[in-house]
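As a plain string of letters, each chain reads:
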Amino acid sequence: MENIIVIGGGLMGSSVAWKLAEQGAKVTLLEKQGQNFDHGSSYGASRISRSLGPKKDVFSYVHNRTVKEVKKLLTFLNKKGKKQAHKMEDIYSTSPVSYLYTRDQYDQIDKLRYKKQKNDYRRGSGDSAFRKFGVTLKPDQVLVREFREHSGTLDPHELIQKLRLAIGLKGGKIVFNQKVTKLVKKEDYFEIEVSNTESSKTKTIQAKKVVVAAGPYTVEVLKDFAPYFNRIITPKRVLVSYFKIAKKRYEKLSEKELKHIIAAQPMFSQIGKEYFSMIEKWDEDGRPIFKAGGHKIRHNIVDLDNAWHLIPRKKELKWIKKEFRKYFESLEIHLMKKDIERVDYCNCLYSMTRTEVPLVTHIYNQYGSVDKNIVVIGGMSGVGAKGCLGYGTIGANLILGNPEEPSKIYRRVAKAFGNYGVRLYTRKPRRGRLF
Ligand SMILES: Cc1cc2nc3c(=O)[nH]c(=O)nc-3n(C[C@H](O)[C@H](O)[C@H](O)COP(=O)(O)OP(=O)(O)OC[C@H]3O[C@@H](n4cnc5c(N)ncnc54)[C@H](O)[C@@H]3O)c2cc1C
């Protein structure tokens, strides 16, 4: 009989398993992939990390909590190792974060966001946007730029590696190539059928408690225990492209232009199809590789396993390239089509709730009663990474039955992601209350 099983070793599963191991719990993480994380919502080397929001904003809280938890994690790893080898810069690249809105959007929603901020962001429109940021905007657009330590991007790949290392050092177990194929409840324990993805051998294990953090596969893992979950979260596919500026053109950029380009990444536009871009990494010859996509061009998925390998529509690839070029144009860096090299593309899958608010919650079993021995961390859509250790902390506290942390904001956040999940099944969710 295992004590606590965590299903899925992406950012959420690794975060919750670490927070459990840290508190001395006996935890085993089952991951269907091998040691090499080669697909999953957390795949890649960059996600936007940002924390601009009003005082009680739940997403800012999980971001800030994650920064704090990462510091703790690194202190632990550095104490265990001989050298101070683990640094915040391995995970976070601090850089201004640019948010683009239409004037209406800014007036309606985002005034609230910025009202209570400290003076570590700036906004501009029209000529002031050019004066402040060197960006040419359309007359009805507003640009907000956030300047905070650890806002910029975070590297999910690095973070997962460090979490895995720490889980092992704290006595937790990670077993790779273990695909959970069935999860059912027997009287007071869970029975979990696991298939070894290398040998195809199947075994059944038992556990007192379970955390499900299987990303886009969450509904599939819960198909027997909570079949209604297919109405609560839905897997979606989003396409991203990776670009480089062609060598000839790149070499012609002045140092000032280069600095300007870097300061304008990462960026996130709430206009239209919600274009985003960021620097994913730097290639061997020192050129940045940009990642770009549109959050609102989401596709439903018929076959999850196949969706990673689908060949994207030309129209979609073209749209991302066009937006990439347009953003550079607004920076007064003019690129010809041939100056932009597409290095790669990637089908990214994530799971999403109806209101795009994530879930960290106990759930109902199929008979309609809440089971406190199971927690789901899912529906993270395009916002999960920056708050992963915040969600992991709440998930670990829930499964251990810890009393809630005393701070008001913790309780507010746990309720927002927790009770909300339970309410989703019973009542229509209220829209627009959370940021
Ligand atoms: C295109 C895109 C852009 C994004 N941009 C941002 C951003 O800018 N900022 C931000 O904060 N967030 C962003 N996100 C969101 C963030 O990346 C995700 O919320 C986060 O990575 C979700 O992690 P996860 O652990 O829930 O899922 P995953 O990373 O998918 O992890 C699930 C794990 O479970 C394993 N698994 C699945 N089924 C089973 C099974 N049956 N048995 C055992 N193991 C199983 C999988 O192999 C995988 O390792 C973005 C996401 C996408 C897709």
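This text gives an overview of the structure that appears in the document. (Residues numbered from 1 in each chain as written. Predicted model: local features only at pLDDT ≥ 70, side-chain atom pairs only at ≥ 80, totals over all residues. Heavy atoms only, no water.)

### So, the overall build of the protein chain
Then step 1. Broken down by element type, the protein chain carries 14 helices and 19 strands.
Then step 2. By principal-axis analysis of the C-alpha atoms, the protein chain measures approximately 65 × 50 × 45 Å.
Then step 3. Contacts in the protein chain between residues far apart in sequence, at least 24 positions, make up 72% of those at least 6 positions apart.
Then step 4. For the protein chain, the exposed surface amounts to about 20700 Å²; the carbon and sulfur share of it is 49%.
Then step 5. Considering the protein chain, the positive charge centre built from 82 side chains and the negative charge centre built from 46 side chains are found 5 Å apart. (Helix = DSSP H or I, 4+ residues; strand = E, 2+ residues; numbered from the N terminus. Contact = heavy atoms within 4.5 Å. Areas by Shrake-Rupley, 256 points an atom, 1.4 Å probe, with all protein chains shown as cover. Lys, Arg positive; Asp, Glu negative; His and termini not counted. Charge placed at Lys NZ, Arg CZ, Asp CG, Glu CD.)

### Describing the environment of A246
Then step 1. Here A246 is to be found in the loop between β13 (233-245) and α8 (247-252).
Then step 2. C-alpha of A246 to C-alpha of R145: the two residues are 101 residues apart in sequence and 28 Å apart in space.
Then step 3. If near-sequence neighbours (up to four positions away) are discounted, A246 is found in contact with R287, K338, D339 and E341.

### Here's the deal with the sheet that holds strand β3 (residues 47-49)
Then step 1. Spatially, β3-β8-β4 is the arrangement adopted by the three strands of the open sheet, whose pairing is antiparallel. Taken across any chain shown, the strands that pair with only one partner, and hence form the sheet edges, are β3 and β4 (92-94). Averaged over all pairs of adjacent strands, the angle between their axes in this sheet comes to 30°, without regard to strand direction.
Then step 2. Of the pairings in the sheet, the one linking β4 to strand β8 (residues 152-154) comprises three bridges and is antiparallel in character. By the bridge assignment for β8, S93 is matched with T153. (Pairing = 2+ DSSP bridges. Axes fitted to C-alpha atoms, helices over the stretch in contact; angles between N-to-C directions.)

### What about the sheet that holds strand β7 (residues 141-146)?
Then step 1. With mixed pairing, the eight strands of this open sheet are ordered in space as β6-β7-β5-β14-β15-β16-β13-β17. Here the strands that pair on one side only, and so sit at the sheet edges, are β6 (121-124) and β17 (340-353). Taken pair by pair, the neighbouring strands of this sheet meet at an average axis angle of 20°, ignoring direction.
Then step 2. Both β6 and β7 contribute to a ladder of four bridges, which runs antiparallel. Across the sheet, R122 pairs through a bridge with R145, a residue of β7.

In short, geometric facts, not functional conclusions.
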